[in-house]
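Here is what each chain is made of, one letter per residue.
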Amino acid sequence: LKMSWFWFYLPLHLLVVACLCHSIKAPTSSQQSFKTDLFNFYHSLILADGKETTIHLLKDIPRRYYFVLEEGRALAPFTITVTPCDVPIEWSILVHKASASFLGKGTQGDHDTQDVSRSQKFSSMVSTIFNYKGNSVETYMGMSSNSALYMLEFLSTERDTHITVYLTTDTTSGHLYPELPMDPRIDVIGIGHTTVTLTWKHSPSVLQHRENIQYCLLVNEKHNYKSLCAAETAIRSSGMKLPPTLALSLSPYLLEPQQVMILSNSELSIINRASSGEVRQICMGTKNTYTVSNLRPSIQYYFDLFVVNLLTNASAAYTGTFAKTLDEPEPKVTELKDGKVVQVVLDGKKQKSYSLQYQAKHKKIQFTFQLCRGQVRVHITKNGKTVALESISGLKYFSLKGKLLDVYLVQVRSTEETNSSVKVQVSPRFHKPLFPLLPESLKIKSFSKLRTCNSVTIAWLGTQEESKYCVYKKKIEEDQIWMELQNADRCSGPESRHRSEKVLCKYFYDINLQRAVTTETIKGLDAGTLYLFDIYLFGPSGIPVRYHSKVVKTRKTC
């Protein structure tokens, strides 16, 4: 047991010899060689002063680091900051106060007896001055003397991990870590369905060194993090890749496929997506109020704020908070009536769904949907059971059979961020059809070889039912084509067009569908000009169906 104490403290003995050699008698050449070899072995475990050190810990294996003051400094303050980057750890500070007897002043007597005596004296001079267990960032502040040697011992009992340690004996040249305010809490001052507004007290470092300090916010759905180091470790372990650090918010990141970077109004947002949820990193400069937007309703989010020193990459963590967004409002339910047309308009950002209800007055009914703009998906249930689920493109009919008084619920949902619009009608199967009989295709064809400087020839399909077709034209510029085609309201009729845009109206049909095709040559056009052509088909009810718009350019020279 006595020998085990001796070997436990042997490194301390050697470091005392190396660092306080001015008070030791000169050793023999063999002693010097032995001590030099062991000193070189342990030299890598001396903790650097004024530098942040990353230490990797293996499970259940303690790591020890040492430090001493420079010669000539009688008493001096020092601080040690330890940041766990994953699981809770245990760490302690032990101090050894050197004595003359231990340092070799009395060397007479039996050699073995002297060794045991020195070991006992050594152990009696070592004391633990600080001990901590947990995963919070912890700082110890103390006074050191030049006759004291310190040992820091770190242990992880859960799994392999890493930590950062910062030691400084210079308290006059500023702080590596940004300072936190007296009250480091984050306050939630507003909660919406998709937004949470936060505020916090300014860091004193921001007020003193505004150009080198900024705030970075981490948003996730799992839990709060005690440090930026811990947050980055957890995010990486979930399968996401992070940029080097949040502090370098203006660096040109090479993002992974699961990352999205958004830079607007001097704010940088990085969104990481993984199976475990979405993690957002937002650096917003020195503002101390921020609204996190585009969240999901009825989800609990955790918010962690870090004040970051851009020069050193060091950060300090505010006390994290959490908030649950409001539940998604129940969609308003509109009653459908036989034969009545309802137009549903959806805001892709605010209201993405709309509900309609119908109580059947007939056993056989038909739902009709005409997509006007955007993209929508329709879900129809009968007495709570799904009977139809489909995306709508153009005109769509659903013929359903049930019992009298069956309750049908129609949910229309926008599938994109832009506005969407759709017309809905329900009617008995024998009811007069709302829309005209449609041709096989609603495309307009143009003939390139028949184009001239002042005319173009177009063609379109008809049906076996005599119907009215009206042609309209409009001049457009090259840069307007995409917007015109994208934003076209396919439910709007000729009443929305200027009278000067009307070209002609005609009736036609053919019993033989193979011959139900008509052509028209539009004359009086300008050379080298783009024209947008639209055709409206009118059925017995008078409600029009718009063909797909066609852009044609006349020849420049003929």
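Bear in mind that the values here come from a model prediction, so they are computed numbers and not experimental data. (Residues numbered from 1 in each chain as written. Predicted model: local features only at pLDDT ≥ 70, side-chain atom pairs only at ≥ 80, totals over all residues. Heavy atoms only, no water.)

Caption draft 1: Region of interest: the overall build of the protein. A count of helices and strands for the protein gives 6 helices and 35 strands. Taken across its 558 residues, the protein has 43% of its residues classed as buried. By sequence separation, contacts in the protein at least 24 residues apart represent 74% of the contacts at least 6 residues apart. If you sum the accessible surface of the protein, you get close to 30,000 Å²; carbon and sulfur atoms cover 52% of it. (Helix = DSSP H or I, 4+ residues; strand = E, 2+ residues; numbered from the N terminus. Buried < 20%, exposed > 50% of the residue type's maximum accessible area, 1.4 Å probe, protein only. Contact = heavy atoms within 4.5 Å. Areas by Shrake-Rupley, 256 points an atom, 1.4 Å probe, with all protein chains shown as cover.)

Caption draft 2: Spotlight on the pattern of salt bridges. In total, this model carries 14 salt bridges according to the counting rule given. Close ionic contact of Arg185 with Asp183 constitutes a salt bridge, the shortest N to O distance being 2.9 Å. Judged by relative accessible area, Asp183 falls into the buried class, the value being 19%. If you follow the salt bridges from partner to partner, you end up with Arg497, Glu501, Asp534 and Arg546 in one network. (Salt bridge = Lys/Arg side-chain N within 4 Å of Asp/Glu carboxyl O.)

Caption draft 3: Up close: the side chain of Thr79. With respect to the secondary-structure elements, Thr79 resides in strand E3 (residues 75–84). Dropping the residues within four chain positions of it, Thr79 is found in contact with Thr139, Tyr140, Met141, Tyr166, Leu167 and Thr168.

Caption draft 4: Spatial organisation of the sheet that holds strand E22 (residues 364–373). Read across the sheet, 4 strands follow the order E20-E27-E22-E25 without closing on themselves; strand pairing throughout is antiparallel. The open sheet has two edge strands with one neighbour each: strand E20 (341–346) and strand E25 (395–401). Across the sheet, the axes of successive neighbouring strands diverge by a mean angle of 20 degrees, strand direction being ignored. Note: E22 against E25, 7 bridges, orientation antiparallel. Across the sheet, Lys364 pairs through a bridge with Lys401, a residue of E25. (Pairing = 2+ DSSP bridges. Axes fitted to C-alpha atoms, helices over the stretch in contact; angles between N-to-C directions.)

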